[in-house]
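The residues making up each chain are set out below.
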Amino acid sequence: MTMPTAQNAGSTSFAPPSVAERGSDGFVRKIGREFLLAIYGALRTVKMYPPDNPVVQKTMQEVVRLSEEMLRNEREVELRVSGEFIFINTTRLRLDLENYASFSRIIGAFKDAGVGLCRIREGSAVRDWVVFLTLLQNAAVGDIDGRLYALGEKLAAAKVMAFELGPPTNLDEELRQKAKEAAKRTYAQSVTVTKEVINSVRMGRSPNIKKIKRVVQGIVDQILNEETSLIGLTTLRDYDEYTFTHSVNVCIFSVALGRKLGLTRIQLYDLGVAALMHDIGKARVPLTILNKPSGLSEEEWRTICGHPWMGVLQLFAMRGQNDIPYRAMIVAFEHHKKTDLSGYPKHVRPRAMSIYSKVVAVADAFDAATSRRAYQNTPLSPADVLQEMRINPHRGMDQVLVKAFMSLVGHYPVGTLVVLDTFEMAIVNAVNAAPEALARPIVRLISDERGNLLFPGTIVDLNQMNDSGGYARTIIKVADPERYAIRVSDYFV
Amino acid sequence: MTSPTIAPPELSEDELPDPPCSPHLIEELLRHLARSIKTHQLYLPNNPIYQRAIENLRAAFAPIWPHTPEIVLSITEADFRWFGRSVMHEANRSESVPWVFFKDGVRELTMMQGIEDDELVSLLGIMQRVRNAAPEEDDLLTLLWEQEFTRLKYRFVEINLDSQASFDASPEPPKERTLPIVEDIRAEEAAQPERKSGIVRMEDLDATLYFLDEKEIDYLRGEVAAEQSIDMPRNVLAILLDIFEAQDNEQVRDEICGIFESYMLNLLAGGAYGSVAYLLRETAQLIGRTAALTSVHKERLLALPTSLSDPAVLSQLLEALDQSEAIPEQAELDALFDQLRGGVLGTVLGWLKHAQKPELRTALERVAGRMASSNSAEMMKLIGSDDPSVAIEAMRRAGELKTAAAVAPLSKVLQLTNVELRLAAAQTLSEIASAGALRLLETALDDDDRDVRVAAVRALGTRGHRAALPSVEAVVQGKSVKGADLTEKMAYFEAYGALAREEGVAPLDKLLNGRNFLGRRATPEIRACAARALGIIGSGGALECLRRATGDRDPMVRSAINRAMRERT
């Protein structure tokens, strides 16, 4: 985790650089995953067998062992469910294909019982866990507070005192603010480094590879810990800085999608470097062609279409002595290819398209189509782009990845300007954690029902019901921020 | 930039916080750490000195953990500090452990209980790598990041990145105004009541559509697994070759030729022999089919295998192979050497006697065999090599392959003064065993060297080359044999038995049972050899001769007779 613990004094040239911390939550991540898998197993066994069954006893013993081990190291263990995330103390555990089922099951059980937080006390015994997990799966009906209260009563009646339960809470505001600040710094550093790299290449200088690695490490850490803030920043599609922000955005989307695929941290890092460098070949395309606003001649178009293979040559020119960025080269070459291997550039030898290239192709297409750039004055709405990627097979995207990408960014990706049925306008702030509510994101209201602009506006969950049992607000339309002179990024920075 | 952290104010000993245990324990631990870092650099893990150093380091943690679950060290240029006290000071940067951390931005290191179990050795490995790293290689922060320690945490300052980087966001919040949203929606509804872009349709909101089913999850898992098994170097080479073929721009092709030249060395250094073989094979094919290939590019591509076939370059490669921990798979080596020029055979043959590793020697033997069989002209040439070890190995291959064409160069070898070479030539001729080879072997019966003669006569006998009978008979029945040692005598008599057959019974009987005009018998060695030859003939007449001699008083002769008769019955 790269949370800042000290900040620049903000003064002149001799301000100390920011201080970051790493490596602190590796233990919790590792053992936390084991702990959750053990709880998942225990939840299943108490449902299938009587409490004194050896299978139940064995699974519970494992839960007890792991909770004791965490308590020994961490001194406290607090299991918290927030949205689609599970935290142990302050560490967010990673969701991937391998543990998707267990996470979903635990999140569901906690939510059904109205539990958002469970603090485990020292000395919890097998019996405590059997009782707790059994009751957790037999939640009372009624409102959240009522369900939580009922569970607490039953635990007390069974003389189980090993757990301290609390209602669902949102992320601690201070933590969220820290994460947001870290995301902003990561994003800004990434754009700066990308700019330096591309400009160095244009000027025939050797770019600093270490910097590239460092910013990708930052992006990976950020995505693994709190991706919402960083994904929100991809709305910063600055026209003048398009080449640089686009590379950073593609890196962020790719790493976030890679996380969904269950890639390891190192694999995400490889993917991130490849994504950040996917357009490096454009540094060899003359700026006059790259920034040409009108139609390109055939020759100019051919030059632009050469950027994937130029990227491979450029990466060779940048390589270190013992460090050849193979995946980045492959992705640079393949990111404009379609899954049937048509597209450009042409290949001669038989090849299979890398999954990394497919991931970057999806991220690249999405960000490019939703951005304003030299030859695209009017960006498409994120919703329309997603729709096109999904329904048009000629785009040549991997449809499973498109699906995974849509579950990542939601129906309405972060940064989309939407009109609600209340005639309020809002900007999508985050995907809704509830899996059935992809079309009902968390939004920031930026105008009231009469059209009066609000700043910074308020966050609302479109999945919330009103008193009459219907949804309080529903999206009826996606709007063009340009039309209303709204700079979406103002609401994220 | 290596900006110093803001130094804490100096505190007197009394003002410092009380540590949970004696600082001497931490000092001792860090001394062991420094020692282990050096040991890690100098010794392999199976070395007892290394193992002892690691054991000592692990043991140094034990007295600390009862007092505290973690050791938090702050780091300055020359010191590790613990609870405000310096627990390691080393001003000499080349020796300093604190400096290794400090220079890359690490300002605080926390070792948690349990680090000594698994992660300590990884940390030592990182320290070693970072001390030996070239400036462009990964720094300590990247190496620590990649390792993902669970019992080690660190705080660092970002030296490489611009900590001032910020957004060019609007300094002011958006101005208060009213958006014409209501009017817009009404106007849209009035103009086109049916759906427009951006208006939501309920059928688009089927959230379940976006959740992956088991089949899709399996597909993605398969793709991710497949990604890990991609042969990256070969994949990238294929890309470069494709670009070379598709782009006829001379500068582009120049650049790619340059990449091939340097990358091939990288691949060799990395032991990716299969990839080098692929590159050489593909470039050879590419030369044949690429349109508008300039002579310059053609020469540069052709130079790839040629340069690698250079004896000096190839010797380096073989030396590297001999020193590497693992020998590449035979198929990879075969594929690589298949692409090299014929002249390589000599280098490989010359290397066989130098190879330290038996596995490498075996692999190179096979490589040499393949190369020799596909390039017999080169092999013929090498039989006449000035380097005796090369010539001998070449003769061995010629013998294994029964290359009749080798007889001509072998005849020259038989004229040389080097006995080892003449002997190898005789053995090779024996293995070739063609009519020409055996004819040439006859000349070796007159060789000055006993071993050459023995090899020749044995071969002639074994191969049943009757044309040699007069020469052999002349020796057996002549006086020269008397001066030979028993082995040579025996070789001649065995060959005689094999070549003369029934015709030889009478002369041999005379040698075994007869006496000369002075009434003397042949020497026991000659009689024993005659008995052996009769045994080889093995006819009734020959056995009868042997039976008659069974009463010989010489034990050597009796033994030879018994053996001969036993082998026949």
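Keep in mind that what you see is a predicted model, and the values were worked out from it rather than measured.

Draft legend 1. Quick look at the overall build of chain B. Each helix and strand in chain B was counted, giving 27 helices and five strands. Compactness check: chain B gives a C-alpha radius of gyration of 41 Å against a globular reference of 25 Å for 569 residues, more than 25% above the reference. Projecting the C-alpha coordinates of chain B onto the three principal axes gives extents of approximately 140 × 80 × 50 Å. Per-residue burial for chain B yields a buried fraction of 38% across its 569 residues. A fraction of 68% describes how many contacts in chain B between residues 6 or more apart in sequence connect residues 24 or more apart.

Draft legend 2. Broad picture of the overall build of chain A. What chain A contains, in helices and strands, is 16 helices and eleven strands. Sorting the 493 residues of chain A into buried and exposed places 49% on the buried side. Residue pairs in contact within chain A that sit at least 24 positions apart in sequence constitute 64% of those at least 6 positions apart.

Draft legend 3. View of the sheet that holds strand S8 (residues 425–430) of chain A. Residue and element names in this part refer to chain A. If you walk across this open sheet you meet the five strands as S10-S9-S8-S7-S11, and the pairing is antiparallel. Every other strand in the sheet has two partners, leaving strand S10 (453–461) and strand S11 (475–479) as the edge strands with one partner each. For this sheet, the mean inter-axis angle between neighbouring strands, taken without regard to orientation, is 35°. Here strand S7 (residues 417–420) pairs with S11 via four bridges, running antiparallel. Note that in S11 the partner of Val419 across the bridge is Lys477.

Draft legend 4. View of the sheet that holds strand S4 (residues 91–92) of chain A. Residues and elements named next belong to chain A. The five strands lie next to each other as S4-S3-S2-S5-S6, forming an open sheet whose pairing is antiparallel. Of all the strands in the sheet, just S4 and strand S6 (163–166) have a single pairing partner and so form its edges. Bridge count for strand S2 (residues 77–82) against strand S3 (residues 85–88) is four bridges, and the pairing is antiparallel. By the bridge assignment for S3, Leu79 is matched with Ile88.

Draft legend 5. Structural detail: the pairing of S7(A). Residues and elements named next belong to chain A. What you see with S7 is no split at all: Leu417 and Val419 on one side and Val418 and Leu420 on the other are buried throughout. As judged from the three bridges shared by S7 and S8, these two strands associate in the antiparallel manner. When the bridges of S8 are listed, Val418 appears paired with Ala426. Between S7 and S8, which pair antiparallel and follow one another directly, the connecting turn spans four residues, one of which, Phe423, has a positive phi of 70°.

Draft legend 6. Expanded view of helix H16 (residues 399–409) of chain A. Residue and element names in this part refer to chain A. Buried residues dominate H16, accounting for eight of its eleven residues. Among all positions in H16, only Leu401, Val402, Lys403, Ala404, Phe405, Met406, Leu408 and Val409 are buried. Backbone geometry just after H16 places Gly410 at a positive phi near 80°.

Draft legend 7. Structural context of the packing of helix H19 (residues 419–432) of chain B against helix H21 (residues 450–462) of chain B. All names here are of chain B. At their nearest, the axes of H19 and H21 sit 9 Å apart, and the two run at 5° to each other. With respect to H21, the element H19 is oriented roughly parallel. Here Val419, Arg422, Leu423, Ala426, Gln427, Leu429 and Ser430 of H19 come into contact with H21, specifically with Asp451, Val452, Ala455, Ala456 and Ala459. Each residue belonging to the contact of H19 with H21 can be placed in one class, and the counts come to eight nonpolar, two polar and two charged.

Draft legend 8. The packing of helix H2 (residues 54–74) of chain A against helix H4 (residues 126–136) of chain A, seen in detail. Residue and element names in this part refer to chain A. The N-to-C vectors of H2 and H4 enclose an angle of 105°; their axes lie 9 Å apart at closest approach. The angle between H2 and H4 places the two elements in the roughly perpendicular class. Between H2, through Val56, Gln57, Met60, Gln61, Val63 and Val64, and H4, the contact on the second element is made entirely by Val126, Trp129 and Val130. Class assignment of the residues belonging to the contact of H2 with H4 gives a composition of seven nonpolar, two polar and no charged.

Draft legend 9. Main features of the environment of Met318(A). Residues and elements named next belong to chain A. Structurally, Met318 can be placed in helix H12 (residues 307–318). For Met318, a count of 20 C-beta atoms within 10 Å gives the class buried. With 113 residues separating them in the primary sequence, Met318 and Arg205 have C-alpha atoms 9.4 Å apart. For Met318, the contacting residues outside a window of four places in its chain are Ser206, Pro207 and Ile209.

Draft legend 10. Up close: the nonpolar core. Judged by nonpolar contacts, the single largest core of 211 residues is most densely connected at Leu257(A), Val362(A), Val418(A), Ala531(B) and Leu534(B). At ten residues, the largest contribution of residues to this core is made by helix H7 (residues 209–233) of chain A. Discounting chain neighbours no more than four positions away, the residues touching Ala531(B) are Leu512(B), Leu546(B), Ala549(B), Val557(B), Ala560(B), Ile561(B) and Ala564(B).

Draft legend 11. Looking closely at the confidence of the model for chain A. Residues and elements named next belong to chain A. Looking at chain A as a whole, its pLDDT mean stands at 84, while 87% of the residues score no less than 70. Within chain A, helix H13 (residues 326–334) carries the highest mean pLDDT (97), whereas strand S1 (residues 19–22) carries the lowest (58). Here residues 1–18 is modelled with pLDDT under 50, and outside its nearest four sequence neighbours on either side it reaches 43 contacts, counting other chains as well.

Draft legend 12. Layout of H2(A). Residue and element names in this part refer to chain A. Between its first and last C-alpha atoms H2 spans 30 Å; for 21 residues at 1.5 Å apiece the expected length is 30 Å, and the two agree. Buried within H2 we find Val56, Thr59, Met60, Val63, Val64, Ser67 and Met70. Viewed along the axis of H2, the buried residues span an arc of 140°, placing them on a single side of the element. The exposed set on the far side of H2, more than 90 degrees from its buried face, consists of Pro54 and Arg72.

Draft legend 13. Quick look at the environment of Ile49(B). Residues and elements named next belong to chain B. Take Ile49: it is sitting in helix H2 (residues 48–61). The class for Ile49 is exposed, based on 11 C-beta atoms found within 10 Å. Those residues in contact with Ile49 that lie beyond four places of it in its chain are Thr39 and Tyr43.

Draft legend 14. View of unusual backbone geometry. With an omega of -5°, the peptide bond running from Tyr344(A) to Pro345(A) counts as cis. Summarising the element assignment, Pro345(A) is placed in the loop between H13 and helix H14 (355–369). Of note, the bond from Phe455(A) into Pro456(A) is cis; its omega dihedral lies within 30 degrees of zero at 5°. With respect to the secondary-structure elements, Pro456(A) resides in strand S10. Phi at Phe83(B) is positive, roughly 50°, even though this residue is not glycine. Checked against the element boundaries, Phe83(B) lands in the loop between strand S2 (79–82) and strand S3 (85–89). Given 17 C-beta atoms within a 10 Å radius, Phe83(B) is considered partly exposed. One non-glycine residue, Arg501(B), lies in positive phi territory at about 55°.

Quick notes on the rules
- Residues numbered from 1 in each chain as written.
- Chains lettered and ligands numbered in written order.
- Predicted model: local features only at pLDDT ≥ 70, side-chain atom pairs only at ≥ 80, totals over all residues.
- Helix = DSSP H or I, 4+ residues; strand = E, 2+ residues; numbered from the N terminus.
- Rg over C-alpha atoms; globule rule 2.2 N^0.38 Å.
- Buried ≥ 20, exposed ≤ 12 C-beta atoms within 10 Å, placed from the backbone.
- Contact = placed C-beta atoms within 7 Å.
- Pairing = 2+ DSSP bridges.
- Axes fitted to C-alpha atoms, helices over the stretch in contact; angles between N-to-C directions.
- Parallel < 35°, antiparallel > 145°, perpendicular 65-115°, else oblique.
- Nonpolar A, V, L, I, M, F, W, Y, C, P; charged D, E, K, R; others polar.
- Core = buried A, V, L, I, M, F, W, Y, C linked by C-beta atoms within 7 Å.
- pLDDT = per-residue confidence, 0-100.
- Expected span 1.5 Å × (residues − 1).
- Arc of directions from axis to C-beta.

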